[in-house]
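The residues making up each chain are set out below.
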Amino acid sequence: MNQENSHNLLKGKKGLIFGALDDRSIAWRVAIACKREGADFTLTNAPIALRFGALDKLSEETGAEVIPCDVTDYDQVKELIEAAKKQHGGLDFILHAVGMSPNIRKKNDYTSINYRLMQQTLEISAISLHRVLQACVEKEALNDGASVVALSYIGAQRVFSKYSDMNDAKALLESIARNFGSRLADKEIRVNTISQGPTKTSAGSGIKGFDAMYDFAELLAPLGNPSADECADYCITLFSDLTRKVTMQNLFHDGGFSTNGISEQLIYELAELNKSKES
Ligand SMILES: NC(=O)c1ccc[n+]([C@@H]2O[C@H](COP(=O)([O-])OP(=O)(O)OC[C@H]3O[C@@H](n4cnc5c(N)ncnc54)[C@H](O)[C@@H]3O)[C@@H](O)[C@H]2O)c1
């Protein structure tokens, strides 16, 4: 573990991290960064992901206990929250980095969607945040001043055709974050979403057309696409005490993609494409 660049921003803080599958996962990078900054935390993922993923390696590297939990099952979520509270005596931060669309996996187009699968997309990718926070309220698991971050995507605001029903899931996720943010503020608890630019992870590369989305964003974003490690550093700031009054926000971490209209690079690439069409 590289402690050289630590600012001890999370010294003494206790957390719970959802969604680390392999070392490309954003949650995996967040766990490494949390350790670097002095936090202790519990890792969790779906039982099936624990069988096929590599979470034991991360557990060894960070000294974090792993507790299985399928976020679509409220009983499992309550058990997880209770166990994490018992382990740490209360949570100072939570990372929700969970998302999956069975419709995308099965390549169902948005206009011929399977509604049972759409329900699963929403349950896994959005309603799970509600479940986690409701369980935290029920179990009084969040410490005063805690910070909750869920990972979102700009598909919540704009249509990305291949992102299918995940566009809807992210819109719901952001709404749930805002709603809980308003209700937990009396304990100084913050709830935000980070809208991360396209990142080459297992979930990302499962989307048909992902490479095109990635390249387009890379050309349009003045600072280029953010890596998973850069996202992790941003999460650290939100978990830290340096952002105590930031809540109910959807924060774009996308190299400027969401604000830029067109870039010089994109104009150049399109001009080259036109030239090749003409010749
Ligand atoms: N990769 C990108 O381009 C990108 C961009 C913006 C936002 N995000 C979001 O970041 C988050 C993390 O994704 P990632 O890109 O690191 O990919 P990832 O595949 O590494 O992480 C997704 C995680 O969700 C977990 N998961 C799925 N179903 C679950 C269930 N029922 N119960 C518990 N866990 C479950 C998976 O096991 C996996 O660990 C997701 O919310 C994703 O939508 C990703």
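Each value, and the rule that gives it
Residues numbered from 1 in each chain as written. Predicted model: local features only at pLDDT ≥ 70, side-chain atom pairs only at ≥ 80, totals over all residues. UniProt positions renumbered as here; feature names shortened; annotations may be inferred. Helix = DSSP H or I, 4+ residues; strand = E, 2+ residues; numbered from the N terminus. Rg over C-alpha atoms; globule rule 2.2 N^0.38 Å. Buried ≥ 20, exposed ≤ 12 C-beta atoms within 10 Å, placed from the backbone. Contact = placed C-beta atoms within 7 Å. Core = buried A, V, L, I, M, F, W, Y, C linked by C-beta atoms within 7 Å. Pairing = 2+ DSSP bridges. Near = placed C-beta within 6 Å. Nonpolar A, V, L, I, M, F, W, Y, C, P; charged D, E, K, R; others polar. Expected span 1.5 Å × (residues − 1). Arc of directions from axis to C-beta.

The protein chain goes by Enoyl-[acyl-carrier-protein] reductase [NADH] in an unreviewed UniProt entry, where it is assigned to Natronogracilivirga saccharolytica. Under the UniProt heading Sequence similarities (unreviewed entry), the entry covering the protein chain gives this text: "Belongs to the short-chain dehydrogenases/reductases (SDR) family. FabI subfamily." Database annotation for the protein chain, UniProt heading Catalytic activity (unreviewed entry): "a 2,3-saturated acyl-[ACP] + NAD(+) = a (2E)-enoyl-[ACP] + NADH + H(+)".

What follows covers the overall build of the protein chain. The helix and strand inventory of the protein chain stands at 11 helices and seven strands. For the protein chain, the C-alpha radius of gyration of 19 Å lies close to 19 Å, the compact-globule estimate for 279 residues. By principal-axis analysis of the C-alpha atoms, the protein chain measures approximately 70 × 45 × 35 Å. Within the span of the protein chain, comprising 279 residues, buried residues form 45% of the whole. At a minimum sequence separation of 6, the contacts of the protein chain that also span at least 24 residues come to 75%.

Turning our attention to the nonpolar core. Counting 66 residues, the largest nonpolar core has Ile-17, Ala-20, Ala-27, Val-30, Ala-31, Leu-95 and Cys-235 as the members making the most contacts within it. Take this core: its biggest share by element is eight residues, from helix α1 (residues 26–36). Aside from chain neighbours lying at most four places away, what touches Val-30 is Ile-17, Leu-95, Ala-232 and Cys-235.

For the rest of this paragraph, the subject is the pairing of strand β6 (residues 190–196). In terms of burial, β6 is a largely internal element, seven of the seven residues being buried. Here β6 shows a buried face lined by Arg-190, Asn-192, Ile-194 and Gln-196 and a second buried face lined by Val-191, Thr-193 and Ser-195. Sheet topology places strand β5 (residues 142–152) next to β6; six bridges connect them, and they run parallel. Its bridge partner lying in β6, Ala-150 is registered against Thr-193.

Below, the discussion takes up the UniProt feature "binding site: NAD(+)" (unreviewed entry) in the protein chain. Sequence positions flagged by UniProt for "binding site: NAD(+)" (unreviewed entry) are, in local numbering, Gly-19, Ser-25, Ile-26, Asp-70, Val-71, Val-98 and Lys-170. Along the polypeptide, Ser-25 turns up in the loop between β1 (14–18) and α1. According to the C-beta neighbour criterion, Ser-25 is buried, with 26 such atoms within 10 Å. Setting aside chain neighbours within four positions, we find Ser-25 in contact with Gly-19, Ala-20, Thr-201 and Ser-202. Mapping Asp-70 onto the fold places it in the loop between β3 (65–68) and α4 (74–88). Using a count of 18 C-beta atoms within 10 Å as the deciding quantity, one classes Asp-70 as partly exposed. Discounting chain neighbours no more than four positions away, the residues touching Asp-70 are Ala-46, Pro-47 and Gln-76.

This part is about the site of the ligand. Contacts to the ligand come from 26 residues, most closely from Ser-25, Gly-99, Thr-201, Ala-203 and Gly-204. Contributing elements (two or more residues each) for the shell around the ligand: α1, β5 and α8 (202–205). Here the shell around the ligand gets three residues from one element, more than from any other, and that element is α8. Class assignment of the residues belonging to the shell around the ligand gives a composition of 14 nonpolar, 11 polar and one charged.

Between its terminal C-alpha atoms helix α10 (residues 228–239) stretches 16 Å, which fits the 16 Å expected from 12 residues at 1.5 Å a residue. Every buried residue of α10 is accounted for by Ala-228, Cys-231, Ala-232, Cys-235, Ile-236, Leu-238 and Phe-239. One side of α10 holds all its buried residues, which, seen down the axis, span an arc of 160 degrees. Among the structural elements, β1, α1, β4 (91–96), β5, β6 and β7 (250–253) are those in contact with the buried residues of α10.

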